[in-house]
Amino acid sequence: MTQRIAFGAGYAIAIALLLFFVLFPFMQMLSTSLKPADEMFTVPTTWIPEHFTLDNFKAALNYGNFITYFLNSLAVSVITCVLVIVIAVLAAYGFTRLEFPGRKLLLNMILVSQMFCISAIVVPLYKLVGSLHLLNSYAGLVLAYLAFTVPVAIWLLRSFLLGIPHDMEEAAMMEGASRIKAFFHVIVPLLRPGIGATAAYVFLITWQEFLFALVFMTKQEFRTLPVGIMDFKGQYETNWGTMMAASLLISIPVFVLFLFIQRQLVAGLTEGATKG
């Protein structure tokens, strides 16, 4: 009994510490965004603002290019997410259900491609996109994002497909359905948890990505939010209140996305972990 109580107490403390480290940056951002300028650097530091203000949020929203940056990020993230899911679902199905020469070699090559960090491939991709005259365009940035999100998406969806019995697909084909029809009517519905988890991963990665957006989008009107938020950082001073408010506004789409797909996401990650 004593050991059980000690274990429970230790578990609760560990969870509390984990939540603290996870939520600390968010609480710091929220506190700073709600403070007026003359209260941000008071000593001692206060967590709860003495004078609440929404001026920082108003300033962020009223900034001339904020909406443009938001729409750019939304367009790039949604387009990338849709393309990645389509490509990865078809590729994962091919690697799982079809036998063809070099299948294992291609799978290993896809896995090896993830060994290189993003900063190592930014220059080759920049030259490639530049040769295609796609710099400062959605197409160029989406192409760059596909390069490092598609391999991960293929492996994630492949693990889900391995957990779907062949018998279900074969039964549909024995009833007269073609392979394509069996794929869309049997495989895709069963794959929805995996698609949801993969889509959430891809959207999160592309929504917050900074390096590629900085390098590929040199014109201000094509910048995404992670790069555009740097406009609040001046040469001699930084408007921390407005920057923190803008950072919180950036996190809202991701929060809304996870709110709507949390069930599929949890189910997908659990299924992928147990069957992958």
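Conventions and cut-offs
- Counting from 1, residues in each chain are numbered in the order their sequence is written.
- Given that the model is predicted, a residue must reach a pLDDT of at least 70 before its local features are reported, and side-chain atom pairs must reach 80 or more before they are shown or counted; all residues, however, enter totals for whole chains, interfaces and linings.
- As a convention, hydrogens and water are excluded, and side-chain values are obtained from all of the structure's heavy atoms.
- Starting at the N terminus, helices and strands are each numbered in turn, a helix being any DSSP run of H or I of at least four residues and a strand any DSSP run of E of at least two.
- Note on classification: 1.4 Å probe, protein chains only; a residue is buried when its accessible area is under 20% of the maximum for its type, exposed when over 50%, partly exposed between these limits.
- Only the stretch in contact is used when a helix axis is fitted, and all axes are lines through C-alpha atoms; the angle between N-to-C directions ranges over 0 to 180 degrees.
- With respect to orientation, any angle under 35 degrees is reported as roughly parallel, any angle over 145 as roughly antiparallel, any angle of 65 to 115 as roughly perpendicular, and every other angle as oblique.
- What makes a crossing left-handed is the near helix being turned counterclockwise from the far one by less than a right angle; a clockwise turn instead makes it right-handed.
- Contacts are residue-level and defined by heavy atoms, with any inter-residue pair within 4.5 Å sufficient.
- Note on residue classes: Ala, Val, Leu, Ile, Met, Phe, Trp, Tyr, Cys and Pro are nonpolar, Asp, Glu, Lys and Arg are charged, and everything else, Gly too, is polar.
- Residues belong to a common nonpolar core when they are buried Ala, Val, Leu, Ile, Met, Phe, Trp, Tyr or Cys residues joined through side-chain atoms within 4.5 Å.
- pLDDT expresses how confident the predictor is about each individual residue, on a scale running from 0 to 100.
- Each helix should span, by expectation, one fewer than its residue count multiplied by 1.5 Å.
- Note that the bend at a residue is defined as the angle between axes fitted to the seven residues ending at it and the seven residues starting at it.

**Student:** Mind showing me how you'd approach the environment of Phe-160 here?
**Tutor:** Within the secondary structure layout, Phe-160 lies in helix α6 (residues 138-161). Judged by its relative accessible area of 6%, Phe-160 is buried. Separated by 28 residues in sequence, Phe-160 and Leu-132 have C-alpha atoms that sit 35 Å apart.

**Student:** Please clarify how the packing of helix α3 (residues 66-97) against helix α8 (residues 179-190) should be interpreted in this entry.
**Tutor:** Two measures define how a pair of helices packs: the angle their axes make with one another and the distance between the axes. Between α3 and α8, the shortest axis-to-axis distance is 13 Å and the interhelical angle comes to 110°. The angle between α3 and α8 places the two elements in the roughly perpendicular class. At the point where α3 passes α8, the crossing takes the right-handed sense. For the pair formed by α3 and α8, the contact residues are Val-89, Leu-90, Tyr-93 and Arg-97 on the first element and Arg-179, Phe-183 and Ile-187 on the second. Its residues placed into classes, the contact of α3 with α8 shows 5 nonpolar, no polar and 2 charged.

**Student:** Is there a simple way to think about the nonpolar core in this case?
**Tutor:** Burial of nonpolar side chains together is a common tendency in soluble globular proteins. Of all hydrophobic cores here, the largest spans 57 residues; its most connected members are Leu-141, Leu-191, Phe-212 and Phe-216. A total of 12 residues in this core trace back to one element, the largest contributor, which is α6. The residues contacting Leu-191, other than those within four sequence positions of it, are Val-89, Leu-157, Phe-160, Leu-161 and Ile-164.

**Student:** Just to check I follow, could you spell out the environment of Pro-124 for this structure?
**Tutor:** Structurally, Pro-124 can be placed in helix α5 (residues 118-131). Expressed as a C-alpha distance, the spacing of Pro-124 and Val-22, which sit 102 residues apart in the sequence, is 35 Å.

**Student:** What is the right way to look at the confidence of the model for the chain in this model?
**Tutor:** Should the pLDDT be low somewhere, the predicted coordinates at that spot are not to be read in detail. On average, the chain scores 82 in pLDDT, and the residues at 70 or more come to 92%. No element of the chain has a lower mean pLDDT than helix α12 (residues 240-275), at 70, and none a higher one than α3, at 91. In this model residues 272-276 is a low-confidence stretch, pLDDT under 50, and it forms 6 contacts with partners more than four residues away in sequence or in other chains.

**Student:** I would appreciate a short explanation of α5 in the present structure.
**Tutor:** Because the α-helix completes a turn every 3.6 residues, residues three or four places apart line up on one side. Between its terminal C-alpha atoms α5 stretches 20 Å, which fits the 20 Å expected from 14 residues at 1.5 Å a residue. Pro-124 marks the point of greatest bend in α5, at about 30°. Listed in full, the buried residues belonging to α5 are Val-122, Leu-125 and Val-129. For α5, the elements touching its buried residues are α6 and α10 (211-216).

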